[in-house]
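Working through the structure, step by step
Below, each chain spelled out in residue letters.
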Amino acid sequence: MRFFLCVLVVFGLSAPALAQSKAAKYLIAQEVSKACEGPGTIRPESAIERDITGDGKDDLIINHRGIWCGSSQSGFCGMQLCDVLIYVRKGSLLHLELETMSGSLRLSDGNPPDIYLSSHGGDESPIKWDGNKFR
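Remember, predicted model here, so these are calculated numbers, not experimental data.

1. Description of the environment of Thr41
As for its placement among the helices and strands, Thr41 is situated in strand 1 (residues 41-42). When its relative accessible area of 14% is taken as the criterion, Thr41 is described as buried. Taking the C-alpha atoms as reference points, Thr41 and Ser74, separated by 33 residues in sequence, lie 9.6 Å from one another.

Put into structure tokens, the structure is as follows:
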């Protein structure tokens, strides 16, 4: 297990190396630091920089389920659910539009995609950007 974690760190899979934009890198690093009260890592699939509003600009989703603080998960995870933060790009900045809890996260192929979040017990519910907010 330690070897695996060392490989992740050596190959740069820490928070700042996952996203393309400076704004996303900053927000990811900030969330990892808060979640771990210091250094930690995030799995690539838990930091999604993709257009989720249909405007052609990459937005950002951070799923705390993929944040690891050594051998423990993010401090923003409970028994079943973890924080999920959804940021929408406005100009060059990313603005937090939705903070929720979910057990899992997946996106459809559409543009804008449906974002599927799960509740306690695993039931999935889709949300989608309606031009002003997520519904």
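This is not the end of the story, as more comes after the structure.
2. Things to note about the pairing of strand 9 (residues 115-118)
Of the two faces of strand 9, both are covered, the one formed by Ile115 and Leu117 as well as the one formed by Tyr116 and Ser118. Bridging between strand 8 (residues 105-107) and strand 9 involves three bridges; their strand directions are antiparallel. Residue pairing across strands places Leu105 opposite Leu117, the latter belonging to strand 9. The turn linking strand 9 back onto strand 10 (residues 124-127) is made up of five residues, and Gly121 within it adopts a positive phi angle of 90 degrees.

3. Details of the packing of aromatic side chains
Any pair of aromatic rings gets described here by the distance separating the centres and the angle formed by the planes. Inspection of the entire model under this criterion finds one aromatic pair. Between the NZ or CZ atom of Arg106 and the centre of the ring of Tyr116, over which it lies, the distance is 4.1 Å.

4. Re the state of the cysteines
In protein structure, a disulfide is the covalent linkage between the sulfur atoms of two cysteines. Taken as a whole, this structure holds two disulfides when the rule is applied. Taken in sequence order, the bonded cysteines of the protein link in the pattern 1-2, 3-4.

5. Details of the sheet that holds strand 8
Reading across from one edge, 8-9-10 is the order of the three strands in this open sheet, with antiparallel pairing throughout. Looking at which strands have only one partner, the edges of the open sheet turn out to be strand 8 and strand 10. On average, each strand axis in the sheet is tilted by 25 degrees relative to the strand beside it, whichever way the strands run.

Cut-offs used in this document
Residues numbered from 1 in each chain as written. Predicted model: local features only at pLDDT ≥ 70, side-chain atom pairs only at ≥ 80, totals over all residues. Heavy atoms only, no water. Helix = DSSP H or I, 4+ residues; strand = E, 2+ residues; numbered from the N terminus. Buried < 20%, exposed > 50% of the residue type's maximum accessible area, 1.4 Å probe, protein only. Pairing = 2+ DSSP bridges. Phe/Tyr/Trp six-rings, centres within 6.5 Å; stacked < 30°, edge-to-face > 60°. Lys NZ or Arg CZ within 6 Å of the ring centre and 35° of its normal. Disulfide = S-S within 2.5 Å. Axes fitted to C-alpha atoms, helices over the stretch in contact; angles between N-to-C directions.

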